[in-house]
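# Observations on the model geometry
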There are 2 protein chains.
Amino acid sequence: MEVRIPKRTLAEGLSILERIIPSRSSNPILTYLPMELSDQGLILRGTNGEVDIEVKLPAEVQGTGQVLVPAQTFVQIVRSAPGELVELIFGGKERLELHSGAFNTQLATTGPDGYPELSFGPPGPEKIAASRLAQAITRVRYAASTEEFRAIFRGVQIEMSPTSLRAVASDGYRLACYDLPMQLQTRKLVIPARSADEIVRVFKDAQGEVALAVAEGTLTLVGEAVRMSVKLMEGEFPDYGRVIPQSFVLEATLQAEALRESLKRVAVLSDRNNHRVNLLFNHNKLDIDAEGDYGRGREELGIEASGEPQLMVAYNAQFLIDALAPIEGAVRIKLSGPTSPSLVQAVEDSGYLAVVVPLRV
Amino acid sequence: MEVRIPKRTLAEGLSILERIIPSRSSNPILTYLPMELSDQGLILRGTNGEVDIEVKLPAEVQGTGQVLVPAQTFVQIVRSAPGELVELIFGGKERLELHSGAFNTQLATTGPDGYPELSFGPPGPEKIAASRLAQAITRVRYAASTEEFRAIFRGVQIEMSPTSLRAVASDGYRLACYDLPMQLQTRKLVIPARSADEIVRVFKDAQGEVALAVAEGTLTLVGEAVRMSVKLMEGEFPDYGRVIPQSFVLEATLQAEALRESLKRVAVLSDRNNHRVNLLFNHNKLDIDAEGDYGRGREELGIEASGEPQLMVAYNAQFLIDALAPIEGAVRIKLSGPTSPSLVQAVEDSGYLAVVVPLRV
């Protein structure tokens, strides 16, 4: 059993797995990296119990078989290997020799027995551009809850339908959703937010499509070189449609970045507990101010507005800054009243929508 | 009382003080930033109890006086100010208005009463290039102890004489010193390692010279725009001269970076407790190897050697890597025997010298 593989290829493959393989575990076998030599190349796997990943790397392989190598040590060695090529020679199941340039290593390895079986299931018939899925999750991820309370909100809900894929996150005080036009079978699933982060990390720069399959509480994504399987949460979001306001008393448009920067400045002075900023929409001006223990901050921005000539609304500055973060170019803010939910939309990207609930006056 | 100052100038001045002004303190007044308006410009001060710093900034100043402003909030505001110019208007001792672009702030301030007096003493007659002092400290800093035991080794000793300035650090297992040719009055002082880090931070990129003065257990450094005063440690290093070996059985020369990289690779496999690597000097070759729980690593480097044809020495890999870090170009390693101290010297910089004690075989 021997493998010859460019160092860069191997290091890139390991970087996909590295984050999910635990460095310590009550089940120490999970800290190992299962390697399989096959006629398809070198196959690496790993799991953190929630997310399973398999990476297939092109390599010159002689022989077939499986061994477990200590993951962290192996990653460090490969990353520091001095040569452009890495040569792996397996001496049975107990020993791996690694050669690269003038550097030689013998690593203690072990047989694959006892490592949990990672089952990725057959790829489904539906496909989706991997980077688009990652993009949809990225845009809404910030709104997911971090509290124990109402655990379902610690996930990102993916809603598929014959017209779209929607990613939704909420913590009960705010909501973000992102729609991609797409033709899919109707279903809803909730991905734990941390696992959603892994999907983003693995697929955000990926070329090509992944095949989707959902079975037995698991979402499987099958790409060309990577297979990933994610345990889903049980249940689904309560009906959030009713908190999305439908009629508005004032609409204002301005540049998202200017508003974001201005909010950050003014918020420095805001109350440390509720981060309250007051927004006074006043004809074609927006006055932002905040007051806290150390003093008061104020800034004025120009806006295009329609509806009521004047309205004062207060927000948690951080919530509004978060809602603006995914927006490039102009933002449209639609107010349904001083204490009822506000809508934040990207003018140049109709897929994005956020709801922020104002603070009580 | 008013100040007009470029945002960049003010932000740079604050960045010098920011790290030493505590964000929390049992004496809350220390979390404030003392500002003085004078005919010399805007003067900012701060202290962490060990290090006092004063920064004089060129500014358009109207009126004179002193106030205390909440340091952290003020730094955040200045850093995020949207304009190129910052205007400060003091409304007595209780209120500071800051204007920059469309952004306006009122900050609660307080009078200077109760803030400890920072005394920098008169500048001494001796001068030294600030960046050279920082450089000497930087080269030896790694060898300072972090242990409670023998507290004096938690400092960096500065030895001045009519021929040189020497910086020395040691933790009892290793030693580093750096000599700068220089004509100074003879004296020894020990700077706490953390305060030495502040000297490096403030002066490493500084142009020009600083005047030195030592009085009442304090080192004062007076530059053009910055004054700094550092509390010294009591006592001095025990005589370390006797651990610097004088006669050698083998000398080897090779590129420092190649050796450092090789040691890092091989050390991945070393025993987690003592980080032991074995160096076998063998004619014109150096064999490096290490063995630990996960296996064994080996690498061979070419060397130029004289003295005994063969010698095996073992080190804590990290200590050797640290000793090599300040060296650019070639390193000369001089061995006095397999268990007695080794010397590590920079071939192209005669100022640097390190002593590393081998591990027992």
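Attention in this report is confined to the structure presented alongside it.

So, how was this worked out
Residues numbered from 1 in each chain as written. Chains lettered and ligands numbered in written order. Predicted model: local features only at pLDDT ≥ 70, side-chain atom pairs only at ≥ 80, totals over all residues. Heavy atoms only, no water. Pairing = 2+ DSSP bridges. Helix = DSSP H or I, 4+ residues; strand = E, 2+ residues; numbered from the N terminus. Axes fitted to C-alpha atoms, helices over the stretch in contact; angles between N-to-C directions. Contact = heavy atoms within 4.5 Å. Least-squares fit on C-alpha atoms with pLDDT ≥ 70 in both. Salt bridge = Lys/Arg side-chain N within 4 Å of Asp/Glu carboxyl O. Buried < 20%, exposed > 50% of the residue type's maximum accessible area, 1.4 Å probe, protein only. Phe/Tyr/Trp six-rings, centres within 6.5 Å; stacked < 30°, edge-to-face > 60°. Lys NZ or Arg CZ within 6 Å of the ring centre and 35° of its normal.

## Some points on the sheet that holds strand β12 (residues 164-170) of chain A
Residues and elements named next belong to chain A. The strand order across the open sheet built from 9 strands is β14-β11-β12-β13-β26-β25-β24-β18-β22, with neighbouring strands paired in antiparallel fashion. Each having just a single partner strand, β14 (187-192) and β22 (304-307) make up the two edges of the open sheet. Put simply, the sheet's adjacent strands are angled 15 degrees from each other on average, direction ignored. Of the strand pairs in this sheet, strand β18 (residues 250-255) and β22 are connected by 4 bridges, and their pairing is antiparallel. Following the sheet pairing, A252 is matched in β22 by A305. This element, helix α4 (residues 193-203), spans β11 (155-160) and β14 of the sheet and lies at about 95 degrees to β14. Strands in contact with helix α5 (residues 256-267) are β18 and β24 (330-335); relative to β18, the strand with the most contacts, it is inclined by about 90 degrees.

## So, the relation of the copies chain A and chain B
Under the fitted operation, chain A is carried onto chain B by 0.0 Å of movement along the axis and a turn of 180 degrees, and the coordinates agree to an RMSD of 0.0 Å. Overall, the copies show the geometry of a two-fold rotation axis. When C-alpha distances to the rotation axis are compared across chain A, the minimum falls at R19 of chain A, with a value of 16 Å. Taken as a fraction of all interface residues of chain A, those also at the interface in chain B reach 100%, which identifies the copy contact as same-surface.

## Here we look at the pattern of salt bridges
Under the defined criterion, the tally for this structure stands at 43 salt bridges over all chains. The network of salt bridges with shared partners includes E36, R45, E54 and R227 of chain A.

## Considering the environment of A129 of chain B
All names here are of chain B. Locating A129 in the fold gives a position in strand β10 (residues 126-129). Since its relative accessible area comes to 27%, A129 is described here as partly exposed. Residues A129 and K204 lie 75 residues apart in sequence; the distance between their C-alpha atoms is 10.0 Å. Apart from residues lying up to four places away in sequence, A129 is in contact with G208 and E209.

## Topic: the packing of aromatic side chains
Two measures describe an aromatic ring pair: the distance that separates the ring centres and the angle between the ring planes. Per the stated rule, a full pass over the model turns up 2 aromatic pairs over all chains. With centroids separated by 5.2 Å and ring planes inclined at 85 degrees, the aromatic side chains of F153 of chain B and F237 of chain B adopt a geometry described as edge-to-face. Residue F153 of chain B is found in the loop between α3 (130-140) and β11 (155-160), and its partner F237 of chain B is found in the loop between β17 (226-231) and β18 (250-255); the two are separated by 84 residues along the sequence. By relative accessible area, F237 of chain B is classed as buried at 5%. Against the face of F319 of chain B rests R174 of chain B, its NZ or CZ located 4.0 Å from the ring centre. One Lys or Arg, R265 of chain B, reaches over the ring of F103 of chain A and ends 6.0 Å from the middle of that ring.

## A short note on the sheet that holds strand β23 (residues 310-316) of chain B
Overall, antiparallel pairing links the 9 strands, which are arranged β5(A)-β1(A)-β7(A)-β8(A)-β9(A)-β21(B)-β20(B)-β19(B)-β23(B) in an open sheet. The sheet is open, and its two borders are formed by β5 (60-62) of chain A together with β23 of chain B, each paired with just one other strand. Neighbour-to-neighbour, the strand axes of this sheet turn through a mean angle of 15 degrees, independent of strand direction. Two strands pair when backbone bridges link them, and strand β19 (residues 276-282) of chain B and β23 of chain B are joined in this way by 7 bridges, in the antiparallel orientation. Following the sheet pairing, L279 of chain B is matched in β23 of chain B by V313 of chain B. Sheet strands in contact with helix α2 (residues 71-80) of chain A are β7 (85-91), β8 (95-100) and β9 (103-108) of chain A, and its direction is about 170 degrees off that of β9 of chain A. Along the sheet, helix α5 (residues 256-267) of chain B contacts β9 of chain A together with β19, β20 (285-292) and β21 (295-302) of chain B; its crossing angle with β21 of chain B, the most-contacted strand, is approximately 165 degrees.

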